[in-house]
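Descriptive analysis of the structure
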Amino acid sequence: MSSETGAERLPPSPSGGHIIRPYGDTTGDGMVQVSFTLPMAHSKVAEGAAAQLAAKMGIEPALVVHAKPMGPDFTFFVVYGRVHHLVDTSLVEVVERDYPLLTPKEVNAAVKRALRRRLTVVGACIGSDAHTVGIDAILNIKGFAGEKGLEYYRELKVVNLGAQVSVPQLVERAREEKADAVLVSQVVTQRDAHLLNTREMSAAFRESYPSDKRPLLIVGGPRFDESAAADLGVDRVFTRGTTPGEVASYLVHQLARKRSAA
Amino acid sequence: MTTRPRTKLDLDPATVKEARALARKTGRPIVTLAKKHTTVAVERATLRLAGLQGADPDGTPWVNRLMDVVRADTGLEHGVALPVWDALRRGEADDLSTLAQKASAGSVTFRLPEGRDADRARRASRAQVAKGIKRIDARRVERERLIKRHGDAPRKPWIYLIVATGDIYEDIPQAQQAAREGADIIAVIRSTGQSLLDYVPEGATREGFAGTYATQENFRLMRAALDESSRELGRYVRLTNYASGLCMPEIAALAGLERLDMMLNDSMYGILFRDINPVRTFVDQRFSRQVHARAGIIINTGEDNYLTTADAVDAAHTVTTSQLLNEYFAKEAGLEDWQLGLGHAFEIDPDVPDSFRLELAHAMLARDLFPNAPLKWMPPTRHMTGDIFKGYLLDGFFNLVGALTGQGILLVGMMTEAVVTPWLSDRDLALQNVRYVMNAAGNLHQDFRPEPDGFIANRARQVLGESVDLMHQILDHEHGLLDAIADGTFGLMKRPADAGRGLDGVAEKSGAYYNPASEILEER
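What counts and what doesn't
- Residues numbered from 1 in each chain as written.
- Chains lettered and ligands numbered in written order.
- Predicted model: local features only at pLDDT ≥ 70, side-chain atom pairs only at ≥ 80, totals over all residues.
- Helix = DSSP H or I, 4+ residues; strand = E, 2+ residues; numbered from the N terminus.
- Rg over C-alpha atoms; globule rule 2.2 N^0.38 Å.
- Buried ≥ 20, exposed ≤ 12 C-beta atoms within 10 Å, placed from the backbone.
- Contact = placed C-beta atoms within 7 Å.
- Nonpolar A, V, L, I, M, F, W, Y, C, P; charged D, E, K, R; others polar.
- Expected span 1.5 Å × (residues − 1).
- Arc of directions from axis to C-beta.
- Core = buried A, V, L, I, M, F, W, Y, C linked by C-beta atoms within 7 Å.
- Domains from an automatic or database assignment.

As for the overall build of chain B
When its secondary structure is counted, chain B shows 19 helices and 11 strands. Its C-alpha radius of gyration of 23 Å places chain B within 12% of the 24 Å reference for a compact globule of 524 residues. Considering only C-alpha atoms, chain B reaches an extent of 70 × 55 × 40 Å along its principal axes. Across the 524 residues in chain B, those meeting the buried criterion constitute 56%. Taking contacts inside chain B between residues at least 6 apart in sequence as the whole, the part at least 24 apart equals 77%.

Rendered as structure tokens:
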């Protein structure tokens, strides 16, 4: 790949510099590779179309190194080329999770260290919602998105009450099990039932527990707003796409905070 | 298929015999237990075989509505057949569907008939259920005819691809495209959580969570679409779904009625990974396997799941043990060797030294232990990290083990596993990978014979030995397998026999119990 057209070289910036561009085999060459499919039969025009797309993506010059028909209507391309964009690492903004993501092993070790017993999680779908898909994805050993559910964690004791559990039942069971955390899932809701149910639930827990003994209250579901925890009276809201590992890591993080505060 | 050289590992025949004897000894009490009990799902499957279809306006299937009323009136322990056909004979309704509607409206009271009334109800129920089973038989003959007409998959392993959009009408074009690209088997992944529903949803469905609901209508639509593809491509394209979860017997019956060709059907998966009650599972399992046997359906067992939760080297013997148990339960239920897609997977951490040799040893052990079963070979998932380039290489090695060990069913690994649901190009690249390996090394097994005392042969012997030890351990429990499941011998999960989902849908059979479907399925 030798496309040195109008090469404007950046000075190497080993220290301090935060302006960079992609690296192929020479500093500042800006080389990238992409692959994509276009919905058209393979032809010279198709290859031209791929080069055009690459150019519009800022890859200039673009080299279509591979074009393969996939059936009569699609063509797959691999393109190499240089981009002229600069990246300023000092301007990168990331939303950091406010707790570290731990492996199951680390979660188990942390629970052991902090509690010297297993951490008990009671989970349920409350109200009329019969969709246990969310709570099961988080709790069942089968898990979600390639991660095992909380049942898989040796140091977590999981009590999954399933669907259509009433708030009083949930509170009673949480007390019986001496739950450290209560997970509530709401998937299918109408007229903001998920918000009403959650408020009812958090109020019931506040009523039946002294404030320092109350288990962590966590709700999850696709309709919730992540920033609404305080408004709903819960400790944390998880939304679509949350994995069991995130929930487990959060539990451990909160637990450690509670301990150090106590 | 070319004749493959058998027993390359020179396993000690006495050990193999012992392993099978132990599996039999472990499994037999479970079969006895299964025979003594029935479940709501077995009874509902019986009603489905008798032709009861459809659902009420809320979507609750009529089989559930009818079952619930019968159960409230006469209990579950006598079975559904006697009270239902007694009511039909008493003229409560002209047919099952009217009876179900009237029963849910509260205008029918069921009783357990006795004497001649019972004999008549028994005969009537048998005659009607026999029609459903006849339909399953006819579907099996139809499959054989279509395979003859269009031709079978051109080679082994059969190439198994997955579709899962949640919408059956999106699944259909995707499945047809996958077949065009070379899939011999299409599996429609089910919606997350369907296994925990205690009813089978009804009709064509367009909304699912990470998969599409298994319904009779979805089965029918997809089978019809693949029949079209089979005609177009000149080879019979097989369809797979899942007979698992709380409705496994009903789904097995629907699969038989709609000519599905393969079903995922594992003896312990629901217990260990879905916390379904062990007794419920074993009873439902036996019935569904009997249906699959009758329908000529190939089952796929779920041993790959053990390796996704435990270390694939440490837990290798649990796979072998589960395969042996699945074989015993399957044969007992009437399945033949060609119907046993015993599962195993390529899940060893690639950073482990000699990981490929270990994989090869494990796969070869499965091949040698079950020389006539079309083993199902599952691709890496745990160590697919998002590095698609490394993943592509790993899938190539997975394919190579498949080629070297004569796997019957190869689930095609995707380099974008754990990244996205497969794109068109992912599938195309994955199939190129399979084709390259099969073309380049498909016959390598003819030249390949592991050193008799080498690493591979020794590892295989070691795993078989550990499997024998594990079965001894299981048998040391007072109640054998049930206690072993309860104390967490399998996987990490403790699943006691008196807990888990669906337990309230289990009853010990009374002396009066009758089930025409079981009776017909047992006569073989």
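Focus: the interface of chain B and chain A
Residue-level contacts link 16 residues of chain B with 18 residues of chain A. The dominant element in the side of chain B that touches chain A, judged by the number of residues it contributes, is helix H16 (residues 424–441) of chain B, at three residues. Of the residues assigned to the side of chain B that touches chain A, the class counts are seven nonpolar, five polar and four charged.

With respect to helix H5 (residues 193–208) of chain A
Residue and element names in this part refer to chain A. With 16 residues, H5 should reach 22 Å at 1.5 Å per residue; the first-to-last C-alpha distance of 22 Å fits that figure. Those residues of H5 lying buried are His194, Asn197, Thr198, Met201, Ser202 and Phe205. One side of H5 holds all its buried residues, which, seen down the axis, span an arc of 130°. When the buried face of H5 is taken as reference, the exposed residues oriented beyond 90 degrees from it are Ala203 and Glu207.

Focus: the nonpolar core
Grouped together as the largest cluster of nonpolar side chains are 208 residues, with contacts concentrated most on Leu150(A), Val182(A), Leu66(B), Tyr160(B), Ile186(B), Ala255(B) and Met263(B). Top element by residues in this core is helix H17 (residues 455–476) of chain B. It accounts for nine residues. In this view, Leu66(B) contacts Leu47(B), Leu52(B), Val84(B), Leu99(B), Ala100(B) and Ala103(B); residues no more than four positions away in its chain are not counted. Core analysis: the second largest hydrophobic core is formed by nine residues, Ala54(A), Ile59(A), Met70(A) and Phe77(A) among them.

A closer look at unusual backbone geometry
The step from Glu60(A) to Pro61(A) runs through a cis peptide bond, and the omega angle for that step is 0°. With respect to the secondary-structure elements, Pro61(A) resides in strand S3 (residues 59–70). The omega angle of the peptide bond from Lys156(B) to Pro157(B) is -5°, so this bond is cis rather than trans. Of note, Pro157(B) is situated in the loop between helix H6 (115–150) and strand S2 (158–163). If you check the backbone angles, Asp10(B) has positive phi at about 50° while not being a glycine. Note on placement: Asp10(B) falls in the segment before helix H1 (13–36). Taking the number of C-beta atoms within 10 Å as the measure of exposure, Asp10(B) has 14 and is therefore partly exposed.

Looking at helix H4 (residues 81–89) of chain B
All names here are of chain B. Taking burial as the measure, the nine residues of H4 include seven buried ones, the bulk of the element. For H4, the secondary structure elements touched by its buried residues are helix H2 (40–49), helix H3 (62–74), helix H5 (96–104), H6 and helix H19 (516–522). Positive backbone phi, at 85°, marks Gly91, one or two positions downstream of H4.

Some thoughts on the domain arrangement of chain B
All names here are of chain B. According to the domain assignment, chain B consists of domain 1 (1–36 + 243–414 + 445–504), domain 2 (38–129) and domain 3 (157–241). The gap between the C-alpha centroids of domain 1 and domain 2 is 37 Å. Elements supplying a minimum of two residues to the side of domain 1 that touches domain 2: helix H9 (248–257) and helix H11 (278–295). Its residues assigned to classes, the side of domain 1 that touches domain 2 shows eight nonpolar, no polar and three charged.

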